[in-house]
Each structure stands twice: as C-alpha cells, then as structure tokens.
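In case you want the letters, here they are:
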Amino acid sequence: MDHTSNLERIIRGGLIALVLIFFLFPIFWIVLMSFQTNETILRIPPSIFFEPTLSNYSALITGKLKTTAGNLDLAFMKNLWNSVLLSTLSVALSLILGVPAAYAFARFRFRLGEDIAFTLLSFRFAPPLLVLLPLSLYFKQLGLTNTYIGLIWVYQLICLPLILWIVRGYFEDISPDIEHAYRIAGNSWWQTFRKIAVPLAMPGIAAAGLLAFIFAWNNFVFALILASADKQPVTVGALAFVTASGIQYGQIAAAIVLSIAPTLALALYAQRYLVEGLSLGAVKG
Amino acid sequence: MTAAAEHMPRPKTSSRFLRRSLPYLLSLPALIVCIGILIPFFTAVYYSLLRFRLNLPALKGFIWFDNYLNFLTDAAFWNTVKISLVYAGLTVGVELLLGLGIALLLQKPTRFNNLASILLLLPLMTAPALAALMWKLMTNPNFGILSYLVSLLGFTNFKWASDPSTALLTVTLVDVWVYTPFIMILLLAGLRSLPKAPFEAAALDGVPRSFVFFRITLPMLLPYIITASLFRLLDSIQQFDIVYSMTQGGPGDTLMVFQVQSYLEFFQYTNVGRSAALLIVLWAITYFLSNIFIKQWLKLRERAHGVA
Amino acid sequence: MPHLELASISKAFKTNKVLADISLTADAGEIVVIFGPSGTGKTVLLRLIAGVEEPTSGTISIDSQDMADVAPEHRDVGMAFQNFALFPHLNAFENIASPLRARSQSDAQVKSGVGRVAKLLKIDHVLGHAPRQLSNGQKQRTALARALASSPKLLLLDDPLRNVDAKLRFEMRLELPRLLRQAKSTVLYVTQDYKEAMALADRIAVLAEGRFIQIATPADIYRNPATVGVARLFGDPTINLAETTIGADGSIELAGEKVAIDKSYGIFAGKNVSFGVRPEAVEVMNGRGAGLKAQVMAVTPLNERTVLLLQTKAGAELLASLPSSSASIPKAENEVTIAFNPAGTHLFDRETGAALARGRA
C-alpha cells in the first residue's frame, strides 16, 4: 500500500472531498441561510456572498417576529428550553437507574439477569409507536399527557438501554480484584461501588450519558404524540414553527441551527466514544 | 491496635439474604420503570384484536383476527408493506455501498482521514426530523439551492418530495445523508481492527488488489457489514421522523411506511384497532430481524472484548 | 485456641469442583504457606477466607466465630493480590491509606500509619505516584504495604512475588520473614515456589487438585514427604525416582542391578514401589570400592553445591548433589562408586503415590 501512485492519491483526495461536500454542505448552507434576510435567500442565482444579519436570531431569542401582517409571538425559545430540560433530566434519571443495574449485570451472574438485560435491550428495537399509541390513551387517564414527568418517563426507552449496555461493558473491564481489595480494606459494598467502580467506569458513564443526551435531544416521535406545544422539544417545535411562520425562511434556518448546534457540539466533544456507543459496545472505538 | 478493639465482636451486617438479593435490588428500579412501558405493548396486542374507533366508541368489540384478515385483501396495507420494504432495502443498500466506499477511502489512520471521519459524524448527530427540514429548505422550488442546481442541469420543474415520482428518491437522499456515517464509522472501526498479517503476505506475494479486496478484506469484514446492515435495517423499516417531517406520508400514499400509516390511522382516522394491528405486523418483522441482529451483535461484542 | 480454622471447606463453580474437603487450623502469629502448582485453587481458598467468595460447604472461623455471615470488610483481614489490584485512580499513599481511612482514623493517624509501612517496605519516596507510574517491584511493595497498613490479625498473601523480577524476588524472600514476624499477624501465604515456601513457613500445606495432601513443617515435608508428588515438588535438584520392586532382603533393583539400601525395607518385599533418593543422599566415592558403579556424565557447579549427572552401568540416570567444598568432586567421564544414605531415601506406593512407612523413626 506504500506504493500508492500520485494518480491514485489524487483520485482518493478528490473522492474524499466529494464525500465531505455532500455530508457537510447542507449544514454549511443552512448556517448561511440563518444569517440572511428573506430577500437575499430568494435571490436567483443563490450566492454565498451577502451581508450577514443577526435579525433571524434576535427574532427567535426575543420571541417577537415582525412580519408584514403584524407581530407574531414565537415559542421557539420555549421549545429549546424544553429540549434542554427533557434531555438533561431524562439522562439524569437514566443514569441513576441504569448505572446500578449495569453494575449488577456486569458483576453478578444471577438468574433472570441476562433476561432482564435483554428485555431492556429489546426496547431499542421495537417500533416506538407500538408502545406510544396505547400509552397516549393511558397517559390521558393518568393525567400524564403533556407533562414533563410523563415525557421523561417515556424517554427512558431511549436512554436506559444505551446507558445499560455501554456502562456494563466498562464495569466488566474493571478487575474484580480491585473491588475485592477495597472491600477487604474495610469498606462496605456501597462505598466500594461509589469510590472504586463508579470512578473507574466514569469515562464510559460520561460517554453513555452524552450519547443518551444526544439521542434524547434528537427524538421526535415521543413528544409528537405525548406533548402539546408548551412542552414540545425543538424537533417537534421546529416542524410546528415551519407551519406557523410560513415563509420566514431565515428564521426557520436559524431555528434549525440553534436546534442542532448542541448535539453537534457534544458529538465533536465526545467523538472518541461515539463508535462504541453507537454500536452498543459491539465495536471498540 | 488497642486491646479493646481486639475483643470487639464483629458486627453482623451482611446477611446472606441481603448479599443474594443485591443484584436484584440494583436492577429492579430500572426494570420497574421499563415494565410501566411494557404494559402498553400488551395493550397494543389486545387493541389489535378489537374493533376500536375513538370516534365511534359504541362499536368497540372483540373481533379476534379480523383486523389482520382484512389486511390480506387491503391494497393500502400491501402498499405500506411494499413501500416500507422498498424504503428499507433502498436506503440500507445505498448506505452500505457508500459507507463501505468511504470507510475504504479513510482506512489509513492519517490525521486528515481521522478529522474527516469525525466531521462525517455530524449528519448522524443531527436530529432526523430536523435534517428533513434542512433538506426541505434546500429543495424548496423557489429558492432551494438543490432546485437551482438541478435546474442548471436542465430539470427546471424538478419537484423533489412533492412529486410522487421523485418523493421516494428525496427521502432516501435525506436518510442516506443522515445514516451513511453510521455504517461508515462501524465499518471503519472494523477495517482498522483487522489483523495485518494476511494483507502483508498478499502484498509480498504481489496478489492483485481486487483479489485482496474480494477474497480477504470483504470476508473478514463481513461480520461488521452484517451487524451494521441489520442494525440499520431494523431502524429503517420503522422510519418515521424523516418521512413524517418531509411529506407526512405523501404525496398521496407514496410514502405510507408502517409507522406513518399507523400514526395517521390512529390520530386522523382514529381507528385504534387497525393501527395497532399494523404495528404488530411491523413488530413481528423487527422481532425476527432483531433476533438475528442480537446474535450477530453478541458475537462481535465478544470479539471486541477479547481483543481489548 | 487456633486463630483461623477451616473445617471441610468445599468450593465448586457450577459443576467445576475447585476445592474439596479443605481443613486447616492456624495459630495466632503462625505463618502457613499454601503451596501447590498453579490451578489448584490456592487463590480461591484465600478469597473464601477473605469473604469475597462463599464456600459451597464447610465453615471458616476466625477467633472461633463463624464467618459465614460476616462481610469481607468486617473480617479484619489484609490481603495482597497476585496481580497487585492497586486502585488505579489513587496514588500510592491513598492506596496504602485505604484500610486506615476505612477505619475512620484521623488524618494524622493515617499519615503516620502509611509512613510506618512505607518506610518498612522502602517505598516512602514514591507515595505520591499513581500506580501506573510505579515499577513492578514498587507496585508489589505498595500492595503489600496496603495489606499490612491496618495491622490486620490475619494476612492473606496471594503469591505476592509471582509477578516481580528474579532479583527483587530474591531480595524479598530474605526480607519477608522479618516483615511478617514484625507484623505479628497470622499469615496465609500462597506460592508455587518451593524455596519461598521453605524460607517463610512455620508450616506448609501442600495443595494438589483441590485437596491438602500434607500439612507439616518445612523440614518434615522435605524429610518425610507424604506422597511421591510432594517429594517431587520440594527439592532442587528434584528427587531421583525409579520404579522398582523390593527384593526379599530389602534390596531394590535399579536398571537390572541389585542395590542394597536398608534392611528394614524387607517388610515390603515383593511390592511395586517408586524408589526415591534425594540428590544430597547420593554418596559419591572415588576409587574402586565395592558397590554400585556409575559414570559421571556431567558436572554442574551451583554455588555452594555441585550437581553431578550419573549413569549406572545398566543405564539408569540419577543426580547427585555434593558440597562444592568437598575435595572429592569427580570430573566428567570419571568412574565412581555410589551409595545411598538410607535417611534420604523414600519408598512410595506405585499405585497411590503415598509414602510407605519404613518402620523406623
């Protein structure tokens, strides 16, 4: 492979450039749009040269949209806040529930253990609507429709399997002797879990938490079915926003940029762990 | 140590019962939370055996498998099956070829290649529903950059997702944009974990590269390819976000994949029984696929842990 | 009252029986070495005593108290692991301090406690290092220091010298007896190195295939091995063994030649035995005296002793070990006459491998 000819290098480089353009151009273009007025957006032919404006962002942030037909209130910041709240709290709950369970699956060979683990894993693969549609009827009876608590509960379907399976692998990698040594030194099971197992599995817990956050943030269908406007996250909110704001393309683009920026930033930050997380540990990154 | 400490009786704090039940105590909370979500699953099975319309509660009644039997002669159902399978096959097929190609391009772990593979993660981390909106903006007939580009190629009236003949192509494009990186990243990890010896031996013997690729690389990569494809297939046959955000299953019934169809059945036509039956059929398909997948995945997982 | 008492301990993982009917007592302050080849369940036994595994059957008592319901943290045990098992996220100081902190000692107490053992083990200069920054020898000393730090009444040392280099092992073998005496703890020490066992033990418990086959003082084990297996494990060079049948006069046949050993062997006349003789018990004489003739095939000086490889006329090979200071060390190719010191000879039942009593003290 070291005898790659110049021609081959050029072809490879060209192909990689094409690939990068295809996958990055949409993000680039939407970011450009978000800094344009409708006027420059609608220009034909389109151009990457324009006078950038922050008016789209300021409209979103202040929640006031000035249109020719008058002023319009925008709930987008509320959607953004909902996304932050739902994703953060869901991941927090998932970690509280999932880390001890992952530890149990990793450390103890107990009856039912594998069964439970697989039941939880199988949630990852069932059609979400199968659960969501009946659940929407139950939620109405229970008064959980359009509540944060109800949504956070359902979001466990996304976060728990992820955390369980990634963190389990990290716990399995810790030598049991290290934990034994700490117990023999005179510490209870709980102290050992807190002071040895959790700190040593921390990279995995952090990675699983970040990934779970990204997946919770990106989820669409759960909130579409179980939440109304005031509790909706950005994924659902943006769709409603498109309908509401009609032809305010610059603002739509700005809303999309604000909605995808957090997950993209996290992804770049945690990219080391993504491979392992995405494949639930089937491939070590 | 003091004399007093020496004669201190050892406290009896860990009863055998507590020790034995610890694993259950640890995993129980997670399980309870999930069981709450499991109940609706059985409800769905039950609903699928009912005549159950939200707007006509009086008609509610147990009808055994009529909902399923009706599917046999229902053109809309077969359309859904067909569209879902075509969608899944098309997207996964394209993503696999593209993903494999890109993984091969980026195989050498140079700094540039690593940077490129990280950047390629970005579409995957974009919410599919939002990705659909991005592409909707880019294919807008008035100002969309893609509409403009194809018009330069002579397709002046290319309507993308709004035209039944190109709608499937358009959503496939979005799906490919979002999910190809997933396959790419898995296969790249696979490629880089392959043992070096067979390739070095082949290079020394002057074996042609096409032979190396088809007889060494591909067979060794196969477990990764199967895992990645099954994983994607499971997701793709259930695709909802992209199709719903882009076209809500339209135009007409062009893109009525399983979950979109059952969503509309439920909320638009309030036909709970039929909606549930549709989802059970989908669940049966995914259950079949996921069983194969989990077996494959466990094999790979063992291997990954063995190597690490 | 013994400090530690194991009563018919068995341990099985699923269907795999690791330990069977293990019984042992150790007095306070005694050093008992559990000796045996790898894979015989030595580590499992220590884990059972420490409480991180449960025995399938049998009882473990410390100070006459049944340990079945006592958690590891309440057993007042110190343990050093073969793979060190240092806490990778804590520095050496905190590793050693962990048993002291668990006993909620004050910072000053912890500091002086860690300082004491660190000085004893000569690692006071690396206390600030993380485990991955320590050399193997320092890791091993840190692990030992951690086990010793709280002056536990029972110390479990799982082959602590296994993973260190030869030089350090040699040094530690000299140092450890003093350290362990100072600790005043009861010690169970696991090893598969017979020299380590001989150097350290008050008593040695020989473990093979999950059972104790002999528990005795080092001298006793060497002089009166209970089985041919034990005889083979203790001694360097290893014991010479030959399969033979005892004659009516108590003589044996060695590759066709009759050799008289000890008249008392006569009681086993006609029995199929393994005859063993320690290389030290092989007396080598120059000249042409009567007795078994052999040729010197090779001479290997090993410090204070010299090992000869001998071959009898009939072709039987055996090793002899002589003091290097001896004036009568033959050269290779020399013809010698050999005799066996009866005190260094052993008979073992060929079927069971058990030693046959010789009817004398």
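What you see is a predicted model, and the numbers here were worked out from it, not measured in a lab.

Focus: the sheet that holds strand β20 (residues 345-349) of chain C
Residues and elements named next belong to chain C. Reading across the sheet, the three strands line up as β11-β14-β20 and stay open at both edges, with antiparallel pairing between neighbours. Two strands lie at the open edges of the sheet, namely β11 (240-245) and β20, each paired on one side alone. Strand-to-strand twist of the sheet, defined as the mean angle between neighbouring strand axes without regard to direction, takes the value 30°. Bridge count between strand β14 (residues 272-277) and β20: five bridges; the pairing is antiparallel. In the strand pairing of β20, Gly276 is matched with His346.

A word on the pairing of strand β8 (residues 186-191) of chain C
Residue and element names in this part refer to chain C. The buried fraction of β8 is high, at six of six residues. Where burial is concerned, the two faces of β8 agree: the one with Thr186, Leu188 and Val190 and the one with Val187, Tyr189 and Thr191 are both buried. Bridge count for strand β3 (residues 31-35) against β8 is five bridges, and the pairing is parallel. The residue of β8 that forms the bridge with Ile31 is Val187. Examined bridge by bridge, strand β7 (residues 154-158) and β8 share five bridges and lie parallel to one another. Bridge pairing in β8 links Leu155 to Val187. Running through helix α5 (residues 166-183), the crossover from β7 to the neighbouring parallel element β8 is right-handed.

Regarding a nonpolar patch on the surface
Taken together, the side chains of Tyr46, Phe62, Trp64, Phe65, Leu69, Leu72 and Trp78 of chain B make up a nonpolar region of the molecular surface, amounting to roughly 810 Å² of accessible area. Here Phe65 of chain B lies in the loop between β2 (61-62) and α3 (66-72).

Thoughts on the domain arrangement of chain A
Residue and element names in this part refer to chain A. By the assigned domains, chain A splits into domain 1 (6-73) and domain 2 (76-278). Relative to domain 2, the C-alpha centre of domain 1 lies at a distance of 31 Å. Listed per partner, the contact involves 17 residues of domain 1 and 17 residues of domain 2. Here domain 1 and domain 2 share an interface that buries about 1300 Å² over both sides, 78% of which is from carbon and sulfur atoms. Our count for the contact surface shared by domain 1 and domain 2 stands at zero salt bridges. For the pair domain 1 and domain 2, the number of links is two residue pairs in polar contact (both at pLDDT 80 or more).

Here's the deal with the interface of chain B and chain A
Between chain B and chain A, the residue contacts involve 93 residues of the former and 94 residues of the latter. Between chain B and chain A the total buried area reaches about 8600 Å² when both faces are included, carbon and sulfur atoms providing 81% of it. Contact with chain A buries area across many residues of chain B, yet Ile37, Met125 and Phe143 of chain B alone supply 9% of it, more than any other trio. Taken together, the connections running from chain B to chain A amount to one salt bridge. For Glu8 of chain A, the salt bridge is made with Arg209 of chain B, and the minimal N-O distance between the two is 3.2 Å.

Some points on the nonpolar core
Counting 192 residues, the largest nonpolar core has Ile30, Met33, Leu129 and Phe171 of chain A together with Leu137 and Phe240 of chain B as its most contacted members. When residues in this core are grouped by element, the largest group, 16 residues, is from helix α7 (residues 148-172) of chain A. Of the residues that make up this core, three or more belong to each of domain 1 (6-73) and domain 2 (76-278) of chain A. Within the second largest apolar cluster, 47 residues are counted, among which are Ile31, Ala145, Leu148 and Leu179 of chain C.

Some remarks on unusual backbone geometry
Note that the residue after Gly250 of chain B, namely Pro251 of chain B, is joined by a cis bond; omega there is -5°. Looking at the secondary structure, you find Pro251 of chain B in the loop between α12 (241-247) and α13 (258-267). Residue Pro237 of chain C is reached from Asp236 of chain C by a cis peptide bond, and omega for that bond is 0°. Mapped onto the secondary structure, Pro237 of chain C falls in the loop between α8 (228-233) and β11. Positive phi, close to 55°, is recorded for Asn146 of chain A, a residue that is not glycine. The backbone phi angle of Trp160 of chain B is positive, close to 50°, even though this residue is not glycine. Inspection of the secondary structure puts Trp160 of chain B in the loop between α8 (145-152) and α9 (164-193). The class of Trp160 of chain B is buried, set by a relative accessible area of 6%.

So, how was this worked out
- Residues numbered from 1 in each chain as written.
- Chains lettered and ligands numbered in written order.
- Predicted model: local features only at pLDDT ≥ 70, side-chain atom pairs only at ≥ 80, totals over all residues.
- Heavy atoms only, no water.
- Pairing = 2+ DSSP bridges.
- Helix = DSSP H or I, 4+ residues; strand = E, 2+ residues; numbered from the N terminus.
- Axes fitted to C-alpha atoms, helices over the stretch in contact; angles between N-to-C directions.
- Buried < 20%, exposed > 50% of the residue type's maximum accessible area, 1.4 Å probe, protein only.
- Right-handed = clockwise from strand over helix to strand, strands pointing away.
- Patch = residues over 30% accessible without salt bridge, like charges linked within 9 Å, V, L, I, M, F, W, Y side chains within 5 Å.
- Areas by Shrake-Rupley, 256 points an atom, 1.4 Å probe, with all protein chains shown as cover.
- Salt bridge = Lys/Arg side-chain N within 4 Å of Asp/Glu carboxyl O.
- Domains from an automatic or database assignment.
- Contact = heavy atoms within 4.5 Å.
- Buried area = accessible area lost by both parts, 1.4 Å probe.
- Polar contact = N/O pair within 3.5 Å; in protein donor to acceptor, adjacent residues only side chain to side chain.
- Core = buried A, V, L, I, M, F, W, Y, C linked by side-chain atoms within 4.5 Å.

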